[in-house]
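Reading the structure
What follows is the residue order along each chain.
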Amino acid sequence: MSFKNYVPIALDTKINQELSKDMVFYEDTNHEYEGKAKEIGDKVKILNAGKPTIQTFNDGKLHEITPEEMQGSSIMLPIDHTSEFSFYVGDIDKAIAAGNLFSTYLQEAKEGLQDEIDTFIASFAADSNAKINAKSTAVSASNVLGYIDECVDELYANNVKASTQIVISASPKFCRLVKTAYRNLDTDNHGLLANGLMGTYDGKKLKMTNNVYRATESNVEWEYIQIKTQRAIAFAKPYVHTEPYRENKKWEDIINGYVLYGGVLARPKEMVTLKVKY
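What you are looking at is a predicted structure, and each value in this text was computed from that prediction instead of being measured.

Some words on the overall build of the protein chain
- Within the protein chain one finds six helices and 13 strands.
- By the burial criterion, 42% of the 278 residues in the protein chain qualify as buried.
- Counting contacts in the protein chain only where the partners sit at least 6 residues apart, residues at least 24 apart contribute 78% of the total.
- Split by element, the accessible area of the protein chain, about 15,500 Å² in all, is 48% carbon and sulfur.

Quick look at the structure:
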């Protein structure tokens, strides 16, 4: 048994870097807490600062006003999820030297991890703290833009500023309806199709993904479309780990690997879920 060609730190770093690419939901989360969690079971405290009361006067002078105690709030971001893989590679040194097959295995593992992470983030559309706008009338090209506008109006009513980037993360079927309804969908952009970006509608990014959250109720399948700011969901992915070992029963080398992660709907007022059926 020899693992002389196996460099775990370099491989882990490569997978971790690649893992962050091509994930539609992941791209539009707040990642600033990723360096603050290290191990499974860790929790990161997220502080939401309170807003000071603004007092306005019109008597032409400055005033001595009483300072207020700022009352912020906090929530915990738990690192409580692992997605794992394990596969045989025969002789690992020969597999690495051969290149193509070993790279294919790792590519498939990476794509599988990406789907698991994005599906996890998509599930926050049905979070207990999420504002869900459910539509009894099936979504169609004639009403889809109105449905989107209603959800955006709810965000604005929650004090989301008009200058804040809003993202619509939707299924291919929903995106097709938007494109049919909105012929002027802005797609004149060399960055389109990167991480699912289809275009913009009224300044809002429309992104396509197969990983939207779905649920069946009374034999009807519902899709949960996230319409949110990029601060609504906080997500942390501390690291990826891979490790080789040999199973004596088969005399073959095995690669085990996993990724740690966790998330929380940190700003519920900055996301509205559009719940639709077709």
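Having seen the model, we can carry on.
Some points on helix H5 (residues 144-157)
- With 14 residues, H5 ought to run about 20 Å at 1.5 Å a step, and its terminal C-alpha atoms sit 20 Å apart, in line with that.
- Within the sequence span of H5, burial applies to Val144, Leu145, Tyr147, Ile148, Cys151, Val152 and Leu155. For H5, the buried positions fall inside an angular range of 160 degrees around the axis, keeping them on one side.
- Asn159 lies just past H5 and shows a positive phi near 75 degrees.

Brief notes about a negative patch on the surface
- A surface patch of negative charge is lined by Asp22, Glu108, Glu111, Asp115 and Glu116.
- Locating Glu108 in the fold gives a position in helix H4 (residues 100-122).
- Judged by its relative accessible area of 52%, Glu108 is exposed.

Observations regarding the nonpolar core
- Ranked by internal contacts, the top residues of the largest apolar core, which has 27 residues, are Ile117, Ile121, Ile233, Phe235, Val259 and Leu265.
- Secondary-structure elements contributing two or more residues to this core are helix H1 (8-19), helix H2 (24-27), strand S3 (81-90), H4, strand S10 (233-236) and strand S12 (252-265).
- Here the element with the most residues in this core is H4; it accounts for seven residues.
- Setting aside its immediate chain neighbours within four residues, Ile117 contacts Leu19, Met23, Phe235, Lys237, Val259 and Tyr261.
- By size, the runner-up hydrophobic cluster in this structure holds 24 residues, among which are Val144, Tyr147, Leu177 and Leu206.

A short note on the pattern of salt bridges
- Summed over all chains, the structure comprises nine salt bridges.
- The shortest N-O distance in the salt bridge between Lys135 and Glu150 comes to 2.3 Å. Here Lys135, found in the loop between strand S4 (131-134) and H5, pairs with Glu150, found in helix H5; they are 15 residues apart in sequence, far enough to count as distant.
- Given a relative accessible area of 11%, Lys135 falls into the buried group.

Some points on helix H6 (residues 172-181)
- Buried residues of H6: Pro172, Phe174, Cys175, Leu177 and Val178, and no others.
- Turning to H6, the residues buried within the fold contact H5, strand S5 (166-170), strand S6 (197-201), strand S7 (204-208), strand S9 (220-229) and strand S13 (271-276).

Let's talk about the packing of aromatic side chains
- A complete count under the given rule lists eight aromatic pairs for this structure.
- Their ring planes at 65 degrees and their centres at 5.4 Å tell us that Phe120 and Tyr261 sit as a pair that is edge-to-face. Remark: Tyr261 occurs in strand S12 and Phe120 occurs in helix H4; sequence separation between them is 141 residues.
- Judged by its relative accessible area of 12%, Phe120 falls in the buried class.
- On the accessibility criterion, Tyr261 (3% relative accessible area) is buried.

Observations concerning the packing of H5 against H6
- Axis separation between H5 and H6 bottoms out at 9 Å; the angle between their running directions is 105 degrees. Accordingly, the angle class assigned to the pair H5 and H6 is roughly perpendicular. Facing Val144, Leu145 and Ile148 of H5, the residues of H6 in contact are Phe174, Leu177, Val178 and Ala181.
- Split by residue class, the contact of H5 with H6 holds seven nonpolar, no polar and no charged.

Cut-off values and rules
- Residues numbered from 1 in each chain as written.
- Predicted model: local features only at pLDDT ≥ 70, side-chain atom pairs only at ≥ 80, totals over all residues.
- Heavy atoms only, no water.
- Helix = DSSP H or I, 4+ residues; strand = E, 2+ residues; numbered from the N terminus.
- Buried < 20%, exposed > 50% of the residue type's maximum accessible area, 1.4 Å probe, protein only.
- Contact = heavy atoms within 4.5 Å.
- Areas by Shrake-Rupley, 256 points an atom, 1.4 Å probe, with all protein chains shown as cover.
- Expected span 1.5 Å × (residues − 1).
- Arc of directions from axis to C-beta.
- Patch = residues over 30% accessible without salt bridge, like charges linked within 9 Å, V, L, I, M, F, W, Y side chains within 5 Å.
- Salt bridge = Lys/Arg side-chain N within 4 Å of Asp/Glu carboxyl O.
- Lys, Arg positive; Asp, Glu negative; His and termini not counted.
- Charge placed at Lys NZ, Arg CZ, Asp CG, Glu CD.
- Core = buried A, V, L, I, M, F, W, Y, C linked by side-chain atoms within 4.5 Å.
- Phe/Tyr/Trp six-rings, centres within 6.5 Å; stacked < 30°, edge-to-face > 60°.
- Axes fitted to C-alpha atoms, helices over the stretch in contact; angles between N-to-C directions.
- Parallel < 35°, antiparallel > 145°, perpendicular 65-115°, else oblique.
- Nonpolar A, V, L, I, M, F, W, Y, C, P; charged D, E, K, R; others polar.

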